[in-house]
Amino acid sequence: MPSLISVNRLIGKQMIVDGREDVYRGEPFYGEHIVVVLGEEKLSRVSVTVDHVEGPWRIEVKDEEGERLGENEGELSRLDVLLPRSSSTIHLYITAPNWTKAPRIVEVKGVNHVLVAVVDSGIVLHEDLNDHVLYSVSVDYAEKERYADDTFGHGTHVTGILAARINNGKGIAGLIGDAPIDILPIKVLDRYGVGGDFEIAKGVKYALDHGASIINLSLAGQGETEVLKSVIEEAVKRGVHVVAAAGNGHMPTTNIYPASYPGVITVAAIDREQKPLSISNYGWEVEVSAPGDFLISTYPSGYRAMRGTSMAAPHVSALLAVLRAMYPEEDAFQLRNRLWKTAKDVYWRGYEMYTGYGVIQWQQAIALSAPPSIDWLNLQPGQPLEKDRTYFLGLSSRFLGMNGHLFVNGKLVHSFIVDEEVMSFRLFDIAKQQGDVAVVITDEEKRVIASDVRLVPIRPTTFSDVKKTHWAYDVIMQAQQLGIIRGYLDDTFRPNTPLTRRQSIVVLSRLFGWGAPSILQSPFADIPLTSADALVVATAAEKGIVKGNGGKALLHEQLTRGQFALLLMRALQLENEPIRSVYPFQDVTQRDVWLAVQLLAERGLIAKHAFFRPNDPVTRAEMCAIMVRVSTLIRQHSTK
């Protein structure tokens, strides 16, 4: 992050000190009333450092109209004021009553920083914590002291992971380095590490009221409360990232809070071998994972190694803060998407409950192109729909006023207008079934602007009618592992049953990962959008893979071997490829089928026999054999 460095934005600005006008260059001076002309410059914080302290002193900041922007009072050498809004000119009033010697102002600093609130056990004024830790505006809801002094140690450790000084020859280096990011310590845990939801809720509210963009909650407990749930919901709706530890009981996260509140980014921990940390909780609430195995960080007594999801959470908070600083024009859901799409699989392929989408990767997340996005806040890929649960859908602000469409198993079940960035749905009531869930956003011309498809994973099943002695046993099992076949509800696969047109399109869509079409409309009279698999059929038709017959898709009809060869040729985009070798399939006379069969045989996808039997139905077992070969071909091509 070479260009992402904190800058004092007051250097070089026109400054009037007690009526004397000058350009501020960072030199010390005396003064009680300081006027700074900012113009278009935006500030999130102003800090004043004085040369000595004799007692309480005070800063008050007002705008050009004389309205107060903020104030602070204390006996520290540096006082900070967080600014809720910008102003073209600011007035700083510095008063030190009852001092025998007027304070000399060592530095006036104005910054425009991303604010990360660490809601924990507070901090100690550690020599290795950088100047971005705003001790003077910290607050203590646990022991009711003036500042968030850490009497437990946990909060100081978490803060060090975020904001330990860099390049000072001491201790560790914090993840944010010298990026334009501030840390706001909020104490909600007492000297024993205990704190109630009421105190935590007050801490989250304080963070919101003071402009935090990220709230780090390295704490976890059992049971939900309305007071904490409502303030976290408010944070999520405002676009504030709430990052929480999954907890350390090696137990399901189902009843662990705040990790289980919708919209919270729940973080699991990995060990040094990039495997799930043995104590880390697991469940559908886990979004991503990060290092949490005996990390050394700042501590009241110096430094200490600690382990757990509490140490993993600040890794995610730090990355989100850097992304906020680098991409201020992106909304919360675009930034979340950077995390999910670039996470590294370290346990199972794709999303799973132990490491979520995987371990966060900084470079990849920073480099990713992140278009406006759709993000279910409490529904993961493969998560069963619950009857009495409300699901929350996050939508980038660009989609406001557009049309939204919910599909289950490719069937349109609900359309709506996007009127909020966070919308709620009772999916089970709408769908009345399990299945793939897709969201499609369209404009007035039905053009698809964005889409999100949550596929239900294929779970390993032993099909009762596929014995190990069956010729296709191995390829059927491989097709299941590839996630392209499911079988029937009675745990049969029916390998000798002819494949239908519907089944072939669904299987191809799973293998090739087709998204939504560019125009949301059905090209076939017999497949309205409200019919099953209509979404994938529309996509396949738009790609030219499915042509139909007489304006109809005829999905119930059996597929012949020749028709399946045509579908595969189109899906693989081979129509314009040259034929290098001709194989004598004596029973293939139809020109387009002959071309498809030649191109597929050349690539080893079908056997080079004298007869192809193009008019015979293709069986479900034969389909698996061919699709496994297609998968290998795709993998080899992508590797090259």
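Within each chain, residues carry numbers counting from 1 in the order of the written sequence. Thresholds applied to this predicted model are a pLDDT of at least 70 for local features of residues and 80 or more for the giving and counting of side-chain atom pairs; totals over whole chains, interfaces and linings are not thresholded and use all residues. Side-chain metrics in this entry use all non-hydrogen atoms of the structure; hydrogen atoms and water are not considered.

Draft legend 1. Main features of the overall build of the protein. When you go through the protein residue by residue, the secondary structure sums to 13 helices and 27 strands. Relative accessibility under 20% of the residue-type maximum defines a buried residue, over 50% an exposed one, and the middle range a partly exposed one, all with a 1.4 Å probe and only protein chains included. The proportion of buried residues among the 640 residues of the protein is 55%. Put simply, of all contacts in the protein between residues at least 6 apart along the chain, 70% involve residues at least 24 apart. Method for areas: the Shrake-Rupley scheme with a 1.4 Å probe, in which residue coverage is limited to the protein chains shown. When the accessible surface of the protein is summed, it comes to about 28100 Å², and 49% of that surface belongs to carbon and sulfur atoms. For the purpose of counting charges, residues Lys and Arg are taken to be positive, whereas Asp and Glu are taken to be negative. His and the chain ends are not included. Where a charge lies is defined by one atom per residue type, namely NZ (Lys), CZ (Arg), CG (Asp) and CD (Glu). Each charge class in the protein was averaged separately, 66 positive and 75 negative side chains, and the resulting centres sit 8 Å apart. Labels follow the DSSP assignment, with helices taken as runs of H or I lasting at least four residues and strands as runs of E lasting at least two, numbered in each case from the N terminus. Contacts were defined at the residue level, with two residues in contact if any of their heavy atoms lie within 4.5 Å.

Draft legend 2. Looking closely at the layout of surface pockets. In this model, the second largest pocket occupies a volume close to 690 Å³. Buriedness for pockets is judged along seven lines, at least five of which must meet protein on both sides within 12 Å for an open set on the 1 Å grid over protein atoms alone, while cavities are sets there where a 1.4 Å probe fits but cannot get out, and lining residues have an atom within 4 Å of a point. Lining the second largest pocket are 29 residues; nearest its centre among them are Ser44, Asn112, His113, Val114 and Ser213. Among the secondary structure elements, those contributing two or more residues to the lining of the second largest pocket are β10 (114–120) and α4 (309–326). Only Asp, Glu, Lys and Arg are considered charged, only Ala, Val, Leu, Ile, Met, Phe, Trp, Tyr, Cys and Pro nonpolar, and every remaining residue, Gly among them, polar. Classifying every residue of the lining of the second largest pocket gives 13 nonpolar, eight polar and eight charged. Grid points are joined across faces, edges and corners, and a volume is the space filled by probe spheres set on the points.

Draft legend 3. View of the side chain of Asp80. Structurally, the position occupied by Asp80 is in strand β7 (residues 78–82). A polar contact of 2.8 Å, which involves the side chain of Asp80, links it to the side chain of Ser136. Ignoring sequence-local partners within four residues, the contact set of Asp80 consists of Arg45, Val46, Ser47, Asn72, Leu134, Tyr135, Ser136 and Val137. Counted as a polar contact is a pair of N or O atoms within 3.5 Å, where, for protein atoms, one must be capable of donating a hydrogen and the other of accepting one, and residues adjacent in sequence contribute only when both atoms are in side chains.

Draft legend 4. Expanded view of the sheet that holds strand β12 (residues 181–187). Taken in spatial order, the seven strands make up an open sheet running β11-β12-β10-β13-β15-β17-β18, and their pairing is parallel. The open sheet has two edge strands, β11 (139–140) and β18 (286–291), and neither has a second partner. At least two DSSP bridges between two strands are required for those strands to pair.

Draft legend 5. A look at helix α1 (residues 154–163). The buried count for α1 comes to 10 of 10 residues, which makes it a mostly enclosed element. Within α1 the residues assigned to the buried category are His154, Gly155, Thr156, His157, Val158, Thr159, Gly160, Ile161, Leu162 and Ala163. For α1, the secondary structure elements touched by its buried residues are β10, β12, β13 (214–217), β19 (295–299), β20 (302–306) and α4.

Draft legend 6. Region of interest: unusual backbone geometry. With omega at 10°, the peptide bond leading from Tyr257 into Pro258 counts as cis. Here Pro258 is to be found in the loop between β16 (256–257) and β17 (265–270). One non-glycine residue with positive phi stands out, namely Asp491, at about 65°. Along the polypeptide, Asp491 turns up in the loop between α8 (473–481) and α9 (501–512). For Arg613, which is not a glycine, the phi torsion comes out positive at approximately 60°. By the secondary structure assignment, Arg613 is in the loop between α12 (591–602) and α13 (620–639).

Draft legend 7. How the structure looks around the sheet that holds strand β6 (residues 68–74). As summarised here, the arrangement of the six strands in space is β2-β1-β3-β8-β5-β6, forming an open sheet in which the pairing is antiparallel. Of all strands in the sheet, those bounded by a partner on one side alone are β2 (20–23) and β6. Neighbour-to-neighbour, the strand axes of this sheet turn through a mean angle of 20°, independent of strand direction. Across five bridges, strand β5 (residues 57–62) lies against strand β8 (residues 89–95) in antiparallel orientation. Here an axis means a line fitted to C-alpha atoms, over the contact stretch when the element is a helix, while the angle between two N-to-C directions is reported on a 0 to 180 degree scale.

Draft legend 8. Here's a closer look at the environment of Phe425. With respect to the helices, strands and loops of the structure, Phe425 is situated in strand β25 (residues 422–425). Separated by 208 residues in sequence, Phe425 and Leu217 have C-alpha atoms that sit 27 Å apart. Residues contacting Phe425, with those up to four places away along its chain left out, are Trp376, Arg389, Thr390, Tyr391, Leu393, Leu406, His414, Phe416 and Ile430.

Draft legend 9. Inspection of the environment of Pro517 at higher detail. Note that Pro517 resides in the loop between α9 and α10 (534–542). For the pair Pro517 and Leu535, spaced 18 residues apart in sequence, the C-alpha to C-alpha distance is 7.7 Å. Ignoring sequence-local partners within four residues, the contact set of Pro517 consists of Val448, Leu535, Ala538, Thr539 and Glu542.

Draft legend 10. Local environment of the pairing of strand β3 (residues 33–37). Of the pairings in the sheet, the one linking strand β1 (residues 14–17) to β3 comprises three bridges and is antiparallel in character. Paired with Ile16 across the bridge in β3 is Val35. Strand direction decides the pairing type here: β3 and β8, joined by five bridges, are antiparallel. Residue pairing across strands places Val35 opposite His91, the latter belonging to β8.

Draft legend 11. Examining the packing of aromatic side chains more closely. Each Phe, Tyr or Trp ring, with Trp reduced to its six-membered ring, pairs with another whose centre is within 6.5 Å; inter-plane angles below 30 degrees give stacked pairs, above 60 give edge-to-face pairs, and intermediate values give tilted ones. Applying the stated rule across the entire model yields 16 aromatic pairs. For the pair Tyr282 and Tyr354, a centre-to-centre distance of 4.9 Å together with 25° between the ring planes defines the contact as stacked. With Tyr282 in the loop between β17 and β18 and Tyr354 in the loop between α5 (332–342) and α6 (362–367), the pair connects residues that are 72 residues apart, well separated along the chain. Classification of Tyr354 as partly exposed rests on a relative accessible area of 24%. Aromatic pair Phe416 and Phe425: ring centres 5.0 Å apart, planes at 55°, arrangement tilted. Aromatic rings pair up to connect Tyr282, Tyr347, Trp348 and Tyr354 into one cluster.

Draft legend 12. Structural detail: the packing of α9 against helix α11 (residues 561–571). In contact at an axis separation of 12 Å, α9 and α11 are set at 25° when each is read in the N-to-C sense. One element, α9, and the other, α11, form an angle in the roughly parallel class. Note that α9 runs across α11; the crossing there is right-handed. Side by side, α9 and α11 meet where Arg501, Ser504, Leu508 and Phe512 of the first sit next to Gln563, Phe564, Leu567, Leu568 and Ala571 of the second. For classification, angles of less than 35 degrees are called roughly parallel, those exceeding 145 degrees roughly antiparallel, those between 65 and 115 degrees roughly perpendicular, and all remaining angles oblique. Left-handed describes a crossing whose near helix is turned anticlockwise from the far helix by less than a right angle; the clockwise case is right-handed.

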